[in-house]
Each structure stands twice: as structure tokens, then as C-alpha cells.
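Structural description and commentary
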Amino acid sequence: MGRVAVTDGMDEKAIEMITDNGHDVVVKHYTEEELLSGVLADFDAVVVRSATKLTRDVINSSVNKETGLKFIGRAGVGVDNIDIEAATENSIVVCNTPRASTKSVVEMTIAHLLASCRNITTADRRLRDGVWAKKELVGTELSGKSLGLIGYGRIAQGVGNIAKALGMDLHAYDPYVPKEIAKRNNCKLHNDVDSIFRMCTHVSIHCNLTEETYHLVNSSRINLMPGVGDDGIHCGNHLVNCARGGIIDETAALEAIKSGQLSSLALDVFEIEPATSNPLFDNENFHGTPHIGAATKEAQARIGIEMASLVIETLNGNKPKTSLN
Ligand code: MLT
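Nothing here was measured: the structure is a model prediction, and the numbers come from that model. (Residues numbered from 1 in each chain as written. Predicted model: local features only at pLDDT ≥ 70, side-chain atom pairs only at ≥ 80, totals over all residues. Heavy atoms only, no water.)

Assigned secondary structure in the protein chain consists of 12 helices and 12 strands. Over its C-alpha atoms the protein chain spans a radius of gyration of 22 Å, differing by no more than 12% from the 20 Å that the globule rule assigns to 325 residues. In terms of overall dimensions, the protein chain has a C-alpha envelope of 65 × 50 × 30 Å along the principal axes. Each of the 325 residues in the protein chain was classed as buried or not, and the buried ones make up 49%. Taking contacts inside the protein chain between residues at least 6 apart in sequence as the whole, the part at least 24 apart equals 64%. Split by element, the accessible area of the protein chain, about 15,900 Å² in all, is 52% carbon and sulfur. Treating the 32 positive side-chain charges of the protein chain as one cloud and the 42 negative ones as another, the clouds have centres 6 Å apart. (Helix = DSSP H or I, 4+ residues; strand = E, 2+ residues; numbered from the N terminus. Rg over C-alpha atoms; globule rule 2.2 N^0.38 Å. Buried < 20%, exposed > 50% of the residue type's maximum accessible area, 1.4 Å probe, protein only. Contact = heavy atoms within 4.5 Å. Areas by Shrake-Rupley, 256 points an atom, 1.4 Å probe, with all protein chains shown as cover. Lys, Arg positive; Asp, Glu negative; His and termini not counted. Charge placed at Lys NZ, Arg CZ, Asp CG, Glu CD.)

Right under this line is the structure:
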């Protein structure tokens, strides 16, 4: 029988799957101090989402000679909250569920793109304030504009396919993706990030947060954006990030909104999370959501089942087929 800590919540059916296989599950969020004091050394496996930070120090405190973690599961995609190198040094297997939330994040990104160009959140606020802003809230179409995708993995490709159906031209920057994939999807793959910003009035972020991508979207790149669509319409420039906070420099983006270079900024992810206060919140041309791209019933069910199977496999003494280390 194994002991499993679930620190950021998990679908109930997934928890049942693990307990039905004879393992103990403790669902509890631990503070940084508790994690550093070695609370996870009492468990064989831990399942986290993004709120629990498994740093090198936390991981080193989670193992000892007889007992301790053997498995870290990231119920989701991004593993920037887990020190994989430290886990590997301690013979801890790390797994995530990279495909399970793709459809949900794709739909969230499209929702933000549409909300940006049709002033949905401003219109809703006006309506609630008793203002019938029919004349003021003239939007622009996505059709006839260029969409730049920074990162061209599964989510970006899904976003691109829908954007294409809406009549957008696709551009992408991703040094790790084969050209054939982009070609097949009628997407122009660029060799440098700047040319995406030069060509596109709409840019959506789909890469991981790394040292290389930190503040990749900065004021000089935002200033390259054309503001005029391929169809000649002055649609302004629009940025969306449903990937990871920190890839867009929020201060630079706010300045660009104030100067008019950026017409909208839509974020599901923030440099500091939870984002309960942020200078962006006072600006009407910003709208946001609290990191809920993967928060659908369908995605959470898929993530849970996939993660529960990985946990069970490991506790049964097998190495999961799809580990990250
Ligand atoms: C992910 O990386 O899976 C998503 O950002 C969702 C999350 O972290 O909760």
C-alpha cells in the first residue's frame, strides 16, 4: 500500500481510482514551511498542480534513506514549479499530463481573442453600469488579420486551426517544431521572433516559461506590431497569454496600452500568482482570468484519470511509460 499526497486538488474520480487500488490519499495543501520541513517524506507520491512549488530544497527534504517520495505527478502541463534535476538526483520519477487539457486551453485562447476584439468585457461592465454603449463599442473582426503564435506545440496548432477557420493568416515562431507541421497547417514558420511582431496585429503566447522566454514580449517587440490588419483595417494590436506568466513583461505591456500601441491585453496567467492586485486591473483595455485555461470538467477528468493511472503504475513498482526524467 502506498501513501499519496494531493496538494492542489484533483478530480474525485481520480482519487477514488487510487484508493480503490488500495492506496491512501491525503488531500491537503501544505505551506512552504511545511514542505521545507520534510512533510512529503511521509509519502511515496505527490500530485501537484501549479500552486505547490517543489524546489530543490523541498525535494531534498522529501527523501530520506528508508522512506520518501518516489514519484512527483504534475496534474497538468507546465513543470516550471518542479525542479526536475533535483528530482532526478534523488531518483524521483516526474510525470505530467501534457495532452489532457489541450482542447480546453485552445478554447480559452480563442475566447480571449474574441473578447479582446469585440470589447466583450467592457460591454458587460457598461451594461451593468446602466450604460447602453452601442455606438462606443465598435470592434474589429479577426477575419483578415494575422495571428502570430509564439510556440507552435499542440495548443498553438489547435488555436491556429480555429483562427484559420475564422479567416486569419497564421504565423508562428518555434525553433523546436519541424517545418512540415507548420506547412501542413498553412502556417508560416519564422526564424526569428521579431518578424512575428512585425507582421501580426494579434499575438498569442504558447511557449514554456524558461530563461530564454522570460520577458520575450517586451516594449521593443510590442512597438514592432503594425496596428493595421492585412485587410487594411486599423484594428490595433492585441496580445493574449494563456501559457505562463512572465513571458510578457506586464509593465511594458501596460505602458503600451497607455500609449495606444497595444489595444488590448488578455491574460489567463500572471507574473505573480495568485494575482489578487495588479496595476493592469485598473485599465479597461486589459481583461483577465485567474489561470483557468485548463479548468473545465472535461480537462480535469482527463487529467485526473491519466495522473491516477501513472500514480498506480508507479506504486505497483513499474516505471511509467511517459516520465519527464
Ligand atoms: C498547466 O500547465 O497545466 C496549466 O497552466 C494549468 C494549471 O497550471 O493549473
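Here the focus is the domain arrangement of the protein chain. Along its sequence, the protein chain is carved into domain 1 (3–98 + 297–315) and domain 2 (102–288). Distance between the C-alpha centres of domain 1 and domain 2: 33 Å. Tallying the contact residues gives six residues for domain 1 and six residues for domain 2. Of the roughly 500 Å² buried between domain 1 and domain 2, counting both surfaces, carbon and sulfur atoms make up 34%. For domain 1, the biggest contributors to the area lost against domain 2 are D80, P98 and R302; these three give 66% of the whole. Summed over the shared surface of domain 1 and domain 2, the result is one salt bridge. R244 serves as the salt-bridge partner of D80, at 2.9 Å between the closest nitrogen and oxygen. Inspection of the domain 1/domain 2 interface yields one residue pair in polar contact (both at pLDDT 80 or more). Counted by class, the side of domain 1 that touches domain 2 contains two nonpolar, one polar and three charged residues. (Domains from an automatic or database assignment. Buried area = accessible area lost by both parts, 1.4 Å probe. Salt bridge = Lys/Arg side-chain N within 4 Å of Asp/Glu carboxyl O. Polar contact = N/O pair within 3.5 Å; in protein donor to acceptor, adjacent residues only side chain to side chain. Nonpolar A, V, L, I, M, F, W, Y, C, P; charged D, E, K, R; others polar.)

We now examine the site of the ligand. Taken together, R49, S50, R74, G76, V77, G78, R244, H291 and A294 are the residues near the ligand. One of the backbone nitrogen or oxygen atoms of V77 is found 2.6 Å away from an oxygen atom of the ligand. For the ligand, the accessible surface in isolation is 270 Å², of which the surrounding protein chains cover 89%. Among the residues forming the shell around the ligand, the class breakdown is two nonpolar, four polar and three charged. (Near = heavy atom within 4 Å.)

In this fold, T97 is placed in the loop between β5 (93–96) and α5 (102–117). Sequence-distant contacts of T97, that is, excluding residues within four places in its chain, are made with R74, A75, G76, V77, I303, E306 and M307.

With that settled, consider the nonpolar core. One finds I150, F197, V203, I205, L239, L262 and L265 to be the most contacted residues of the largest nonpolar core, which totals 27 residues. A per-element tally of this core places helix α11 (residues 250–259) first, with four residues. Of all hydrophobic cores here, the second largest spans 22 residues; its members include Y152, A156, V240 and C242. (Core = buried A, V, L, I, M, F, W, Y, C linked by side-chain atoms within 4.5 Å.)

Here we come to the sheet that holds strand β7 (residues 169–173). Consider a sheet: its strands pair through backbone hydrogen bonds, and that pairing is either parallel or antiparallel. Reading across from one edge, β8-β7-β6-β9-β10-β11-β12 is the order of the seven strands in this open sheet, with parallel pairing throughout. Among the strands making up the open sheet, the edge pair consists of β8 (187–190) and β12 (286–288). Each strand of the sheet is rotated relative to its neighbour by a mean of 15°, with strand direction disregarded. The pairing of strand β6 (residues 146–150) with β7 spans five bridges and is parallel. In the strand pairing of β7, L149 is matched with A172. Sheet contacts for helix α7 (residues 154–165): β6 and β7; angle to β6, the most-contacted strand, approximately 175°. (Pairing = 2+ DSSP bridges. Axes fitted to C-alpha atoms, helices over the stretch in contact; angles between N-to-C directions.)

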